[in-house]
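An overview of the molecular structure
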Amino acid sequence: MDKFIIEGGVVLKGKVKISGSKNAALPIIAATLLTGKECLLKNIPQLNDTKVMNKLIVSLGGKVAFEAGVVRAENRNISNFKAPYDLVKTMRASVYVMGALLGRYHKAEVAMPGGCIIGERPINLHLSGFEKLGAKITVEHGYIKAVAKKLKGADIYLDTVSVGATANLLMASVLAEGKTLLRNAAQEPHILDLCSFLNTLGAKITGAGTNTISIQGVSSLKGGTYEVISDYIEAETFMVAAAITNGKITLENAPAENLQAVKEKLLETGAEIKKNGINIEVRGIKTPKPSNIDTAPYPGFPTDMQAQWMSLMAVSSGASILNETIWEKRFMHVPELNRMGANITTKGNTAIVTGVRELSGAPVMVSDLRAGASLVLAGLRAKGTTEISRVYHLDRGYESIEKKLEALGARIKRVK
Ligand code: UD1
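Residues numbered from 1 in each chain as written. Predicted model: local features only at pLDDT ≥ 70, side-chain atom pairs only at ≥ 80, totals over all residues. Heavy atoms only, no water.

Topic: the site of the ligand
As a reminder of what qualifies: Any residue with a heavy atom positioned within 4 Å of a molecule or strand is treated as near that molecule or strand. By the criterion applied in these results, polar contacts are pairs of N or O atoms within 3.5 Å in which, for protein atoms, one can donate a hydrogen and the other can accept it, and in which residues neighboring in sequence qualify only through two side-chain atoms. Accessibility throughout is a Shrake-Rupley quantity obtained with a 1.4 Å probe, and a residue counts as covered only by protein chains that appear here. Helix and strand assignments follow DSSP, with helices taken as H or I runs no shorter than four residues and strands as E runs no shorter than two, numbered in order from the N terminus.
The environment of the ligand is made up of 17 residues, and the closest members are Asn124, Ser162, Val163, Asp304 and Ile326. Measuring from an oxygen atom of the ligand, one finds a side-chain N or O atom of Asn23 at 3.4 Å. Take Val163: an N or O atom from its main chain is 2.7 Å from an oxygen atom of the ligand. Within the complex, the protein chains bury 84% of what would otherwise be the 740 Å² of accessible surface of the ligand. Sorting the residues of the shell around the ligand by element identifies helix H5 (124-132) and helix H6 (163-173) as the ones contributing at least two each. No other element matches H5, which puts three residues into the shell around the ligand.

Given below as structure tokens:
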């Protein structure tokens, strides 16, 4: 298993190009199953998760090629309707093929995803939505099976805002007969992007980006070319990298309109943020001011930035309170940050972070993708050497993170 070795204390400076969005790419690749015609997807990040999604589609009988950020998919002859446990257990987003297969073929079988380190992660809303569209759901031998004679549009209210359920139900309803309404839908940029892609293929979706999405079913979808949005979580991670190292980083290809929540919080800490043409420039200060956060569905502060924010607050000039409202066990980075000299206590889903003057490098272990990003950020700031193990979690969701940081001056290397 690879490790990162970071010699901390370098002020990061320079430009970084933000990659395509992982969380947009995954449902969009899955959505190519909805048509037998060729789809060309651009700005797809080279990540373990995108590779797994392509592999899953190939295992279903689809034809997918992935090179230089472009996925070419032609899923004419789908012959297998079962997403196996080996793939689902490595990537929960595998569950997206369920909505797409059900939508086009009226049948799908997916291994039950199970819980993960950040929480239980149920999929009850995906399944009850499929049922409202006319599917019959059964669970046998660890697999969820959905079958339908035909799918019929329905009025579906999601009692929790869920990105996954919104995406899956969008895919299941685009080819259904009549109109579907998704109420209390997720408004994340990647949901908007999925809808834009589906509309490119001929779907009739309106209201994407609001909490009520309307889908008028069509009889078939065509092929098309689509460029996926840039990754706002990656962009925000680099914004925090500038803030935590007292550096100055220019983000290229960043989705400026999606960065608002983290941008406002960074301004509270004293960081400076400027738009420079199409680029965004972020400049940190030596000791950031404390700033509380409550994670919330978009446009709130993203749960996927909570861990990185905690690293920044760990070196702030006072105390801050971080409330994690989305995932029940998303504080796995706390003991690791404390090993680096941070002063963080937790009670339930609240963390109290009391800023310390400096962090000190230590051996630490990554538990999940964003926890990994928080440890990298802490290592960049810390005095001395930080050895980060289990970086495969980072490889799931950050494209060439160590190369991008190295280009900004960081002393980081990957060792086998
Ligand atoms: C997606 C993101 C993940 C992010 C999360 C929240 C991808 C691939 N992953 O995960 O990085 O942290 O959104 O922004 O895009 N819930 C239910 N029942 C359901 C589904 C969800 O109760 O059927 C609950 C979950 O337990 C959680 C909340 O809803 O508390 C949000 O989950 P959801 O938005 O579905 O997360 P994911 O789509 O799995």
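We are not done yet, so read on.
Considering the side chain of Arg330
Summarising the element assignment, Arg330 is placed in the loop between strand E19 (319-323) and helix H11 (333-339). Among the polar contacts made by the side chain of Arg330, one reaches the side chain of Asp304 at a distance of 2.7 Å.

Thoughts on the environment of Ser214
So the rule is basically this: Working rule for contacts: check all heavy atoms of both residues, and any pair within 4.5 Å makes them a contact.
Inspection of the secondary structure assignment puts Ser214 in strand E13 (residues 212-216). For the pair Ser214 and Thr180, spaced 34 residues apart in the sequence, the C-alpha separation amounts to 5.8 Å. The contact partners of Ser214, leaving out residues within four places of it in the chain, are Lys179, Thr180, Leu181, Lys204, Ile205 and Thr206.

Notes on the pattern of salt bridges
Here is the rule: Salt bridges are defined by distance alone: a side-chain nitrogen of Lys or Arg within 4 Å of a carboxyl oxygen of Asp or Glu. Partly exposed residues are those whose accessible area sits between 20% and 50% of the maximum for their type, while under 20% is buried and over 50% is exposed, using a 1.4 Å probe and protein chains only.
Summed over all chains, the structure comprises 19 salt bridges. Arg72 serves as the salt-bridge partner of Glu38, at 3.3 Å between the closest nitrogen and oxygen. Within this pair, whereas Glu38 is found in strand E3 (residues 38-42), its partner Arg72 is found in strand E5 (residues 70-74), the two being separated by 34 residues in sequence. You can call Glu38 partly exposed: its relative accessible area is 38%. Taking the shortest distance from any N to any O, the salt bridge between Asp49 and Arg396 comes out at 2.9 Å.

Digging into the environment of Ala241
Along the chain, Ala241 falls in helix H8 (residues 232-244). What makes Ala241 buried here is its relative accessible area of 1%. Distance from Ala241 to Arg104, taken between C-alpha atoms, is 43 Å for residues 137 residues apart in sequence. When neighbours within four sequence positions are excluded, Ala241 is seen to be in contact with Leu12, Ile249 and Leu377.

What to know about the nonpolar core
Within soluble globular proteins, side chains that are nonpolar tend to cluster in buried spots. Let me state the cut-off plainly: As used in this record, nonpolar core signifies buried Ala, Val, Leu, Ile, Met, Phe, Trp, Tyr and Cys residues forming a set joined through side-chain atoms within 4.5 Å.
Core analysis: the biggest nonpolar cluster contains 77 residues, and Met53, Val97, Leu170 and Leu198 have the highest contact counts within it. Among the elements that make up this core, the one with the highest residue count is helix H1 (residues 22-31) (seven residues). Those residues in contact with Leu170 that lie beyond four places of it in its chain are Leu182, Ile191, Leu194, Cys195, Leu198, Ile205, Ile213 and Ile215. If you look at the next biggest cluster of nonpolar residues, it comprises 67 residues, including Val282, Leu337, Val356 and Val391.

A few points about the domain arrangement of the protein
For clarity, the threshold we go by: The split into domains, and so the bounds of each, comes from an automatic or database assignment of domains. Defined in terms of a 1.4 Å probe, buried area is the accessible area two parts forfeit on being brought together, summed over both.
On domain assignment, one finds that the protein holds domain 1 (3-19 + 230-415) and domain 2 (22-227). A C-alpha centroid distance of 30 Å is found between domain 1 and domain 2. Facing the 23 residues of domain 1 at the interface are 20 residues of domain 2. Both sides together, the interface formed by domain 1 and domain 2 hides about 1,800 Å², and carbon and sulfur atoms give 55% of it. Taken together, domain 1 and domain 2 are joined by one salt bridge. For the pair domain 1 and domain 2, the interface holds seven residue pairs in polar contact (both at pLDDT 80 or more).

Description of the environment of Lys413
Within the secondary structure layout, Lys413 lies in strand E24 (residues 411-415). When the C-alpha atoms of Lys413 and Gly209 are compared, they prove to be 39 Å apart, with 204 residues separating the residues in sequence. Setting aside anything within four residues of it in sequence, one finds Lys413 in contact with Lys3, Phe4 and Ile5.

Quick word on the pairing of strand E1 (residues 3-7)
Put simply, the rule reads: When DSSP finds two or more bridges between two strands, those strands count as paired.
Note that E1 and E24 share five bridges and pair antiparallel. By the bridge assignment for E24, Glu7 is matched with Arg411. Across five bridges, E1 lies against strand E23 (residues 385-389) in antiparallel orientation. Its bridge partner lying in E23, Ile6 is registered against Thr386.

Quick notes on the pairing of strand E4 (residues 63-67)
Alignment of E4 against E5, held across five bridges, turns out to be antiparallel. Of the residues in E5, the one forming a bridge with Lys63 is Glu74.

Details of the packing of H8 against helix H12 (residues 369-381)
We count it as follows: Every angle, taken between N-to-C directions, lies between 0 and 180 degrees, and every axis is a line fitted to C-alpha atoms, over only the stretch in contact when it is a helix. Note on terminology: angles under 35 degrees are roughly parallel, angles over 145 are roughly antiparallel, angles of 65 to 115 are roughly perpendicular, and the others are oblique. Two helices that cross are described as forming a left-handed crossing if the nearer one is turned anticlockwise from the farther one by less than a right angle, and a right-handed crossing if clockwise. Classification convention: Asp, Glu, Lys, Arg as charged; Ala, Val, Leu, Ile, Met, Phe, Trp, Tyr, Cys, Pro as nonpolar; all other residues, Gly among them, as polar.
Contact geometry of H8 with H12 gives a least axis separation of 9 Å together with a crossing angle of 20 degrees. The orientation of H8 relative to H12 falls into the category roughly parallel. Considering only the axes of H8 and H12, their crossing is right-handed. Residues Ile233, Thr237, Val240, Ala241 and Ile244 of H8 pack against Arg370, Ala373, Leu377, Ala378 and Arg381 of H12. Here the residues of the contact of H8 with H12 sort into seven nonpolar, one polar and two charged.

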